[in-house]
Amino acid sequence: MGLIYGYDIYLRPRNVAKALANLAELAPQTRDVSPLELTLPGGDRLVLPFTSHFKSEPVDCSTSSTLELDTSIMFDVDDALREYAETDGPEPEADGRIQIGYVYATIRFESFLHPGYASLECWAATSGMSRLFARSTNIRKVFTGLTAASGGVCCLFDTGDGGPEQVCWLNGETTQEMVSGPRFPDRRALVATWPDPEK
């Protein structure tokens, strides 16, 4: 199966449209896909430069609990991304950014950790990309920046194997705490630090 590493962003459901619009701004301008028309629970409508299950037909999530997107994201080059480009990826663009391949996104309108929060889970398509997610400081900055810009409360780096997760962003601050560590012995202790999702 390989490695499946990702960044999980937790946010209030009312901020999902904003998060997806911010994610769309990270897409390469040259990507040649038909726009995806999306209707979210509550009626918000978006047009995104992504696909869902590799199709561009309109998606109505008004009665769904999840949404699957196939995205492509641009990252500012750092040493880890430069090394990846030399062996596995395309050359950096003239503006110093690079597209590394598919980043799959699962939106859960009721997250596993707290039903009052939604989650945006962005995970790497290959084991090589997963290792890159773990090494690249600029990839981490993109996802913590997306959390901040979207009004998220938490961003976790998740290795997808049920092991400890690293908290990268929490209630407005970057951090590097482990779940199963001294501050957060378990996920329940982490979620207890989140504000009331209705406020």
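Presented here is an overview of the structure given in this document. Because the structure is a prediction, the values reported are computed rather than measured.

**As for the packing of helix H2 (residues 79-87) against helix H3 (residues 127-135)**
- Running from amino to carboxyl end, H2 crosses H3 at an angle of 160°, the nearest separation of the two axes being 9 Å. It follows from the interaxial angle that H2 and H3 lie roughly antiparallel. Taken as a pair, H2 and H3 cross one another with a handedness that is right-handed. Contacts from Ala80, Leu81 and Tyr84 of H2 reach H3 at Gly128, Met129, Leu132 and Arg135.

**Concerning the sheet that holds strand E2 (residues 36-39)**
- With mixed pairing, the 3 strands of this open sheet are ordered in space as E3-E2-E4. Looking at strand neighbours, the two that pair on one side only are strand E3 (45-48) and strand E4 (59-60), the edges of this open sheet.

**So, the pattern of salt bridges**
- With the rule as written, the count across this model stands at 6 salt bridges.
- Residue Arg97 pairs with Asp95 through a salt bridge whose shortest N-O separation is 3.1 Å.
- Accessibility expressed as a relative area gives 21% for Arg97, which makes it partly exposed.
- The partner of Glu177 in a salt bridge is Arg183, with the nearest N and O atoms 3.9 Å apart.
- Residue Glu177 is classed as partly exposed on the basis of its relative accessible area of 25%.

**Observations regarding the state of the cysteines**
- For the structure on display, the rule yields 0 disulfides.
- Free cysteine: Cys61, not disulfide-bonded; nearest cysteine sulfur from Cys122 at 15 Å.

**Observations concerning the sheet that holds strand E5 (residues 66-76)**
- Across the sheet, which stays open at both edges, the 7 strands sit in the order E5-E6-E7-E1-E8-E9-E10 with antiparallel pairing between neighbours. Of all the strands in the sheet, the pair left with one neighbour each is E5 and strand E10 (173-178). The sheet shows a mean angle of 25° between the axes of neighbouring strands, direction not considered.
- In this sheet, strand E9 (residues 166-170) lies alongside strand E8 (residues 154-158) in antiparallel orientation, the contact comprising 4 bridges. In the sheet register, Phe157 faces E9, and the bridge partner there is Gln166.
- Each of strand E1 (6-11), E5, strand E6 (97-108), strand E7 (118-124), E8, E9 and E10 touches helix H4 (residues 137-149); the most contacted strand, E5, lies at about 125° to it.

Reading the values: rules and limits
Residues numbered from 1 in each chain as written. Predicted model: local features only at pLDDT ≥ 70, side-chain atom pairs only at ≥ 80, totals over all residues. Heavy atoms only, no water. Axes fitted to C-alpha atoms, helices over the stretch in contact; angles between N-to-C directions. Helix = DSSP H or I, 4+ residues; strand = E, 2+ residues; numbered from the N terminus. Parallel < 35°, antiparallel > 145°, perpendicular 65-115°, else oblique. Left-handed = near helix turned anticlockwise from the far one by under 90°. Contact = heavy atoms within 4.5 Å. Pairing = 2+ DSSP bridges. Salt bridge = Lys/Arg side-chain N within 4 Å of Asp/Glu carboxyl O. Buried < 20%, exposed > 50% of the residue type's maximum accessible area, 1.4 Å probe, protein only. Disulfide = S-S within 2.5 Å.

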